[in-house]
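Residues per chain, in single letters:
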Amino acid sequence: MPLIAGLVIARANYGNGGMDARPALTDDFTAPEPGEDMPGGAATSRHATGNADAFSHASGNIGFRKELDFKIGNSIFRRHWVSSPASTDASDGLGPLFNVRGCQDCHLKDGRGHPPPAADTPGPGGGLLFRLSVPPRTGADKALLDSGKATVLPEPVYGGQLQDMAIQGFEPEGRVKITYDEKKVSFADGEIVSLRAPRYELTGLNYGPISSDVMVGPRIAPAMIGLGLLEAVPEEQILAHADPDDADGDGISGRPNRMWSRLNNKGMVGRFGWKANVPTIVEQNADAFSGDIGISTALHPSGAGDCTQKQAKCIEAPSGNSPKYQNVEVGDELFKLMTFYTQNLAVPKRRNADDPEILKGKMLFHGVGCAGCHQPKFVTGQVPEQEHLSNQLIWPYTDMLLHDMGEGLADGRPDGRASGQEWRTAPLWGIGLTETVNGHTQFLHDGRARNVTEAILWHGGEGQKARDAFAALPKVDRDRLLAFVNSL
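The sections below set out a description of the structure shown in this document. (Residues numbered from 1 in each chain as written. Predicted model: local features only at pLDDT ≥ 70, side-chain atom pairs only at ≥ 80, totals over all residues. Heavy atoms only, no water.)

Structural notes on the state of the cysteines
Now for step 1: Going through the model one piece at a time under the given rule, you end up with 1 disulfide.
Now for step 2: Each sulfur of the disulfide joining C307 and C314 lies 1.6 Å from the other. The pair C307 / C314 is uniform in exposure class, with both members buried.
Now for step 3: The thiol of C106 is unpaired, and the distance to the nearest cysteine sulfur, on C103, comes to 8.6 Å.
Now for step 4: Since its relative accessible area comes to 5%, C106 is described here as buried.
Now for step 5: Looking at C373, it has no disulfide partner, and the nearest cysteine sulfur is the one in C370, 9.1 Å off. (Disulfide = S-S within 2.5 Å. Buried < 20%, exposed > 50% of the residue type's maximum accessible area, 1.4 Å probe, protein only.)

Shown next as structure tokens:
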């Protein structure tokens, strides 16, 4: 795996670039902070933000030569895979069981997925997937989880993810029916908002009974912008924000998720996924190829994807693994180019960062406590072979740590060191362009929130204090805070 091995070296050598391990929060809200209008540093997109391509541009400082690699990687990201055998061995290997035919099907326009438009109708959800796992049943199971070599135990029959599509000659694993219960929430000034709480039911299971103790985790595909910059943040900066015992008494006790990196062959801090359960973009991409599309890579060489040993026909189906591509379906060279693409989808420029109302909203964002988890800024380290991502002051508004968000948002499914109530702080950069890019404003891990207001009101646990402070604001101040968030 020569090219994959090169990525191991690159990721293992990130340093802190001599920068402060914890850029300080501001207490001056009279003007934007230096660099705040360029949330990706010099890598911020140079293109206009008022159209559906706002998330699809390359790092603004990428350079002409690497622009070609970005474009080739984009073609792989957009590719629709077909089943094997096929007339081309560069695009075959789909499934046999899968959720989508290509990366772009979940991350439309490199943006955010959404639940099905008809909530109570089973069917593909435009980027909503369902993870499956079971609790440890033996001492060996527990030891495996404790080691970090696995973060979950797949369901024995249906694997780690419910695949709702299949190639010709196969049955999909099943569907999920979603039902929403509406509940009213009142602000202090009397305004009433309705929140929708989802209930999930597995239906049409085609491969036999599922474990009675199966844990189901809905997952919306997040926006792809800024991933390479988040990967470039040195671990010490992330850990500088951790306070697992709440030593400062502010009610916020973020902690890292840790797991074994198959890529780097060592334990690492997780920073990707809704529960920070993946340490590198390479592993995130390889996991998605295997679980979502049924495509093999060097890290997941099985052409059967997520098929389990109890799905014998699926295991024995023809695959697209080819000697031309290191005996997998996406060879090292194509995989490296696609990974480069996902590392370099640029963060859009801020809008109206110097507007007086936006600045008042920023002050309120800090004042009610949102910045306690949504940490505004980091400085990236030195990135080998990608100098354009190195030593950049970035503004992602996340700490990449786990926080207990209360029972209301809990999925009851542990993942690594993350409990069923813990979630990684979601980055906020680009959130105000979601409707422009994807035509909706559905947020949180399962898309239950129909706008930013609802997303805030779902916060519990460590987010309860900030949520209550937001709910107590007069409408003019709530609107200012929301305007600030939507300017990010």
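A few points about the side chain of Q386
Now for step 1: Here Q386 shows up in the loop between β9 (378–379) and β10 (393–394).
Now for step 2: Other than its neighbours up to four places away in sequence, Q386 contacts K66, F340, Q343 and N344. (Helix = DSSP H or I, 4+ residues; strand = E, 2+ residues; numbered from the N terminus. Contact = heavy atoms within 4.5 Å.)

A short note on the environment of G331
Now for step 1: Residue position: G331 is located in the loop between α8 (312–316) and α9 (332–343).
Now for step 2: For G331, a relative accessible area of 2% puts it in the buried group.
Now for step 3: On a C-alpha basis, the gap between G331 and E33 in space is 44 Å, while along the polypeptide they are 298 residues apart.
Now for step 4: Other than its neighbours up to four places away in sequence, G331 contacts Y325 and Q326.

Focus: unusual backbone geometry
Now for step 1: Between S84 and the following residue, P85, the backbone shows a cis peptide bond with an omega angle of -5°.
Now for step 2: Geometrically, the link from G95 to P96 is a cis peptide bond, its omega value of 10° lying close to zero.
Now for step 3: With respect to the helices, strands and loops of the structure, P96 is situated in the loop between α2 (64–78) and β1 (97–98).
Now for step 4: Positive phi values are uncommon outside glycine, yet K109 reaches one of about 55°.

Quick notes on the pairing of strand β4 (residues 175–186)
For a regular strand, the rule is simple: side chains alternate between the two faces of the sheet.
Now for step 1: Across 12 bridges, the pairing between β4 and strand β5 (residues 192–203) is antiparallel. What sits directly across from T179, in β5, is R199.
Now for step 2: Between β4 and β5, which pair antiparallel and follow one another directly, the connecting turn spans 5 residues, one of which, G190, has a positive phi of 100°. (Pairing = 2+ DSSP bridges.)

Side note on the nonpolar core
Now for step 1: Judged by nonpolar contacts, the single largest core of 59 residues is most densely connected at F70, W81, L229, F289, I293 and W429.
Now for step 2: Among the secondary structure elements, those contributing two or more residues to this core are α2, β1, α3 (103–106), α5 (227–231), α7 (281–293) and α9.
Now for step 3: Apart from residues lying up to four places away in sequence, L229 is in contact with G40, A43, Q343, V347, T380, L389, I394 and W429.
Now for step 4: Counting residues in hydrophobic clusters, the runner-up holds 34 residues, among them I431, F443, L457 and F470. (Core = buried A, V, L, I, M, F, W, Y, C linked by side-chain atoms within 4.5 Å.)

Some remarks on the packing of aromatic side chains
Now for step 1: In the structure shown here, the tally under the stated rule is 10 aromatic pairs.
Now for step 2: For the pair F130 and Y200, a centre-to-centre distance of 5.3 Å together with 70° between the ring planes defines the contact as edge-to-face. With a gap of 70 residues between them, F130 in strand β2 (residues 128–133) and Y200 in strand β5 connect regions that are remote in the sequence.
Now for step 3: Of the residues examined, F130 reaches a relative accessible area of 7% and is grouped as buried.
Now for step 4: The exposure class assigned to Y200 is partly exposed, which follows from its relative accessible area of 28%.
Now for step 5: Joined through ring pairs, the aromatic side chains of F70, F77 and Y341 make up one cluster.
Now for step 6: The ring of W260 carries the charged tip of K149 above its face, separated from the ring centre by 4.8 Å.
Now for step 7: Across from the ring centre of F187, 3.8 Å away, lies the NZ or CZ of R478, which sits over that ring. (Phe/Tyr/Trp six-rings, centres within 6.5 Å; stacked < 30°, edge-to-face > 60°. Lys NZ or Arg CZ within 6 Å of the ring centre and 35° of its normal.)

Notes on the pattern of salt bridges
Now for step 1: Applying the stated rule across the entire model yields 26 salt bridges.
Now for step 2: The salt bridge involving R219 is made with D411; its shortest N-O contact spans 3.0 Å. With R219 in strand β6 (residues 215–220) and D411 in the loop between β11 (402–404) and β12 (422–424), the pair connects residues that are 192 residues apart, well separated along the chain.
Now for step 3: On the basis of relative accessibility, which here comes to 15%, the residue D411 falls in the buried class.
Now for step 4: Of the charged contacts, one joins D411 and K275 as a salt bridge, the two residues approaching to 3.7 Å between their closest N and O atoms. Of the two residues, D411 is situated in the loop between β11 and β12 and K275 in the loop between β8 (266–269) and α7; the sequence distance between them amounts to 136 residues.
Now for step 5: Taking relative accessible area as the criterion, K275 reaches 1% and is therefore assigned buried.
Now for step 6: The network of salt bridges with common partners includes E33, E36, R350, K362 and K377. (Salt bridge = Lys/Arg side-chain N within 4 Å of Asp/Glu carboxyl O.)

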